[in-house]
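Chain by chain, the residues run as shown.
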Amino acid sequence: MPSSLNAIVPMACVTAAAIAAMVAEAFREPGERMPIGPLGIIGLAGAAIASIALWHHNATSFGVVAADKFGLFVTGILIIIGVLSLAISAPAIERERLPQGEYYALMLFALAGMMLMATATDLLVIFLALEVLSLAVYVLTGIRRDSPVATEAAFKYFLLGAFSSAFFLYGIAFTYGLTGSTRLDRVGSLIAAQAMAPTPMQLIAVGLLIVGFAFKVSAVPFHMWTPDAYEGASPAVTGFMSTGVKAAAFAAFFRVFLTAFDPLHAVWWEVVWVMAAATMIVGTVVGVAQTSVKRMLAYSSIAHGGYLLVALVSANDAAKGAVLFYLLAYAVTNIGAFGVITLMENTSGDRPNDQIRDFAGLWNEHPALAALMTIFLLSLGGFPPTAGFIAKWYVFTAAVNAGYYWLAIIGVLTSVISVFFYLRIVVMMYMTPSDTPARFPLVPRIAGAALVVSAVIIVYLGVLPARVLDWAVASISSIF
Amino acid sequence: MLLSAALFIIGVIGVMVRRNIIIIFMSIELILNAVNINLVAFSAQLQNNVGQVFAIFVVAVAAAEAAVGLGIILAFYRNKETVNIDEMNLMKW
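Note that the structure is a prediction, hence the values are computed from the model and not measured.

Before going further, it helps to spend a moment on the interface of chain B and chain A. Each side of the interface is counted separately: chain B has 44 residues, and chain A has 43 residues. Both sides of the chain B and chain A interface together cover about 3,700 Å² of buried area, and 80% of this is carbon and sulfur. Between chain B and chain A we count 0 salt bridges in total. Our count for the contact surface shared by chain B and chain A stands at 5 residue pairs in polar contact (both at pLDDT 80 or more). Here the side of chain B that touches chain A gets 16 residues from one element, more than from any other, and that element is helix 3 (residues 50–80) of chain B. Its residues assigned to classes, the side of chain B that touches chain A shows 33 nonpolar, 8 polar and 3 charged.

Shown next, in the form of structure tokens:
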């Protein structure tokens, strides 16, 4: 195989699995059951093997896709997200009678786009990857075609997503006009070579790109679509998109702003500072007022995006390592939490079972599920000894080291407030008796195993973070 | 450049003020075309053909986006029998 193709082997594996899933669905006899989910797992396993093999090689393809350690670390996170999502999707597909071939194929295509986005080093390729993942996720959001809520969510998400892609594209056009190139390294060196005082065109380019990325990572004030899309989508999809899209978008955000636009750090840090502070505050304060668990977790994921922006502002070595660790910790935690919600929805009743009071009495009915949910919520809230605590600790340490004391203070305060709404569910589960007993479902074996695995990863990262953190630091040092 | 900026602004205003989802959708396509004009103009100015290639990619992506978008609009219309965004009110806050 020509060596220039090496860097795209992981996403090629996933794409092949997606195409295979589509073909399998097309040739399926009506009523025949096919193991399409395991097909996706095989593709992801292939991607994992390829990523491990590429770890020390720093391969690049065509100069626009670089499988450096940063990209591969994010790819690894995405593979974990993919496996867990596929595992928790099965009960939702059964219950809602979703077309499973399309569902898995879209999820795998989205994953391939995310991997491409994490490894791309050219603005054109980043844009294409962004569209690949977005188009797949828009459809996944609305895959419950006969549900008015799901289609409304998909439509809002699509409209704002397309709008933000257009802004992003306009920003790329100005960057190209400024430098004559779309490669990040050339853009970076040309901007560094230009005059020190920022020109209006530089400001327009940076501003439009920030708007585009801020939509994708749902930073305030561009977060309006997030709660609606997360509530309307099936919770397994929500778990997937709240972690996968965010991980991929943040990876590209960091790569673009810390390589190509690093010379302009003095220009953009104030904007991102304000956005980070607003995101943390709005995500937490509005989250407190929610009664639906899904909307609450949507605002919680907005707030977590704010913590990641803190790391972007800090932009020192500690922050860069912390980001990767944070993305990993957040991914396993959030997928776990949405996995529990998926199982909760898996009852025969008409109501989706997603209000906070629906969790009442879970401990009596189903102690294992309640215990797992507790671990996920504590990790989201940042309690030791979970992954969430270590991740937040490193991000805030990085902010203090970089001299952004106020940002760290806002971060700690909002974390404390957020504990309130996470603990509200825990209190519901353990201390409030259920009003309508025996509503809780049996847990399918694969989904249950996925939840246990994510809980184990959370505790492992919380107790023994050193090794993974070393990897994170090593991978970041290779590019920035 | 001015033409493209004008198209961009018309598109943004269209998305903000119009109430019919099809017209909003058309406004987004207008913004994408503004980007294309911009890219080609820069390409001609810089004597560099990256911009033209990019514009072709944008056209392809816009077509894919239109297909997905119209599909979602159709699914939405079947459920609600309306194309007015003021009636998208199942979820708030």
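Residues and elements named next belong to chain A. Judged by side-chain polarity, Val 400, Tyr 405, Trp 406, Ile 409 and Leu 413 come together as a nonpolar surface patch covering roughly 550 Å² of accessible area. The dominant element in the nonpolar patch, judged by the number of residues it contributes, is helix 17 (residues 405–431), at 4 residues. Note on placement: Tyr 405 falls in helix 17.

A few words on the pattern of salt bridges. Residue and element names in this part refer to chain A. Taken as a whole, this structure holds 7 salt bridges over all chains when the rule is applied. Across the salt bridge formed by Arg 255 and Asp 68, the nearest N and O atoms sit 3.1 Å from each other. Taken together, the residues span a long stretch of sequence, with Arg 255 in helix 10 (residues 235–260) and Asp 68 in the loop between strand 2 (65–67) and helix 3 (69–96) at a distance of 187 residues. A residue is classified by how much of its surface remains accessible, and Asp 68, at 5% relative accessible area, is buried. Between Glu 231 and Arg 295 there is a salt bridge, and its shortest N-O distance comes to 2.3 Å.

Residues and elements named next belong to chain A. All chains considered together, the criterion is met by 2 cavities of 30 Å³ or more. There is about 60 Å³ of room inside the largest cavity. Along its surface, the largest cavity is lined by His 304, Tyr 326, Ala 329, Tyr 330, Thr 333, Ser 379, Leu 380, Gly 388, Ala 391 and Lys 392. At the level of elements, helix 13 (317–345), helix 15 (367–381) and helix 16 (387–401) are the ones that each hand at least two residues to the lining of the largest cavity. Considering each element in turn, the lining of the largest cavity owes the most residues, 4 residues, to helix 13.

What follows covers the packing of aromatic side chains. Residues and elements named next belong to chain A. Under the counting rule described, the total for this entry stands at 29 aromatic pairs over all chains. When the ring of Phe 163 is compared with that of Phe 167, the centres are 5.0 Å apart and the planes differ by 90°; the resulting orientation is edge-to-face. Placement of the pair is Phe 163 and Phe 167 together in helix 6 (residues 148–179), with a separation of 4 residues, close to one helical turn. Accessibility assignment for this pair places Phe 163 and Phe 167 in one class, buried.

Attention now moves to helix 2 (residues 21–46) of chain B. It helps to recall that an α-helix has 3.6 residues per turn; residues three or four apart then point in one direction. The first and last C-alpha atoms of helix 2 of chain B sit 38 Å apart over 26 residues, in line with the 38 Å expected at 1.5 Å per residue. Taken from the residues just after helix 2 of chain B, Gln 47 of chain B is the one with a positive phi, measuring 55°.

Residues and elements named next belong to chain B. For chain B, per-residue confidence averages 85 on the pLDDT scale, and 92% of positions sit at 70 or higher. Averaged pLDDT values over the elements of chain B bottom out at 81 in helix 1 (residues 2–17) and peak at 91 in helix 3. Model confidence for the complex: the whole-complex pTM is 0.91, and ipTM, which rates the interface, is 0.91.

This next bit is on helix 3 of chain A. Residue and element names in this part refer to chain A. Taking 1.5 Å per residue, 28 residues should reach 40 Å; helix 3 reaches 39 Å between its end C-alpha atoms and fits that length. Of all 28 residues that make up helix 3, 20 are buried, and the element is covered over most of its length. The first or second residue beyond helix 3 is Arg 97, which carries a positive phi of 55°.

Turning to the packing of helix 11 (residues 265–288) of chain A against helix 12 (residues 293–314) of chain A, a few remarks are in order. Residue and element names in this part refer to chain A. The geometry of helix 11 relative to helix 12 is characterised by a closest axis approach of 8 Å and an angle of 155° between their N-to-C directions. Looking at the two axes, helix 11 sits roughly antiparallel to helix 12. In this structure, helix 11 meets helix 12 at a crossing whose hand is left-handed. Taken together, the residues that form the contact of helix 11 with helix 12 break down as 18 nonpolar, 7 polar and no charged.

So, on to the packing of helix 13 of chain A against helix 19 (residues 466–477) of chain A. Residues and elements named next belong to chain A. For the pair helix 13 and helix 19, interaxial distance at closest approach is 8 Å and the crossing angle is 125°. Taken together, the axes of helix 13 and helix 19 lie oblique to each other. Pair helix 13 / helix 19 crosses with right-handed handedness. On the side of helix 13, the interface is formed by Lys 320, Gly 321, Leu 324, Phe 325 and Leu 328, while helix 19 contributes Val 468, Leu 469, Ala 472, Val 473, Ser 475 and Ile 476. In terms of residue class, the contact of helix 13 with helix 19 is built from 8 nonpolar, 2 polar and 1 charged.

Reading guide: rules and limits
Residues numbered from 1 in each chain as written. Chains lettered and ligands numbered in written order. Predicted model: local features only at pLDDT ≥ 70, side-chain atom pairs only at ≥ 80, totals over all residues. Heavy atoms only, no water. Contact = heavy atoms within 4.5 Å. Buried area = accessible area lost by both parts, 1.4 Å probe. Salt bridge = Lys/Arg side-chain N within 4 Å of Asp/Glu carboxyl O. Polar contact = N/O pair within 3.5 Å; in protein donor to acceptor, adjacent residues only side chain to side chain. Helix = DSSP H or I, 4+ residues; strand = E, 2+ residues; numbered from the N terminus. Nonpolar A, V, L, I, M, F, W, Y, C, P; charged D, E, K, R; others polar. Patch = residues over 30% accessible without salt bridge, like charges linked within 9 Å, V, L, I, M, F, W, Y side chains within 5 Å. Areas by Shrake-Rupley, 256 points an atom, 1.4 Å probe, with all protein chains shown as cover. Buried < 20%, exposed > 50% of the residue type's maximum accessible area, 1.4 Å probe, protein only. 1 Å grid on protein atoms, 1.4 Å probe; cavity = no way out; pocket = protein on both sides within 12 Å on 5 of 7 lines; lining within 4 Å. Points joined across faces, edges and corners; volume = space filled by probe spheres on them. Phe/Tyr/Trp six-rings, centres within 6.5 Å; stacked < 30°, edge-to-face > 60°. Expected span 1.5 Å × (residues − 1). pLDDT = per-residue confidence, 0-100. Axes fitted to C-alpha atoms, helices over the stretch in contact; angles between N-to-C directions. Parallel < 35°, antiparallel > 145°, perpendicular 65-115°, else oblique. Left-handed = near helix turned anticlockwise from the far one by under 90°.

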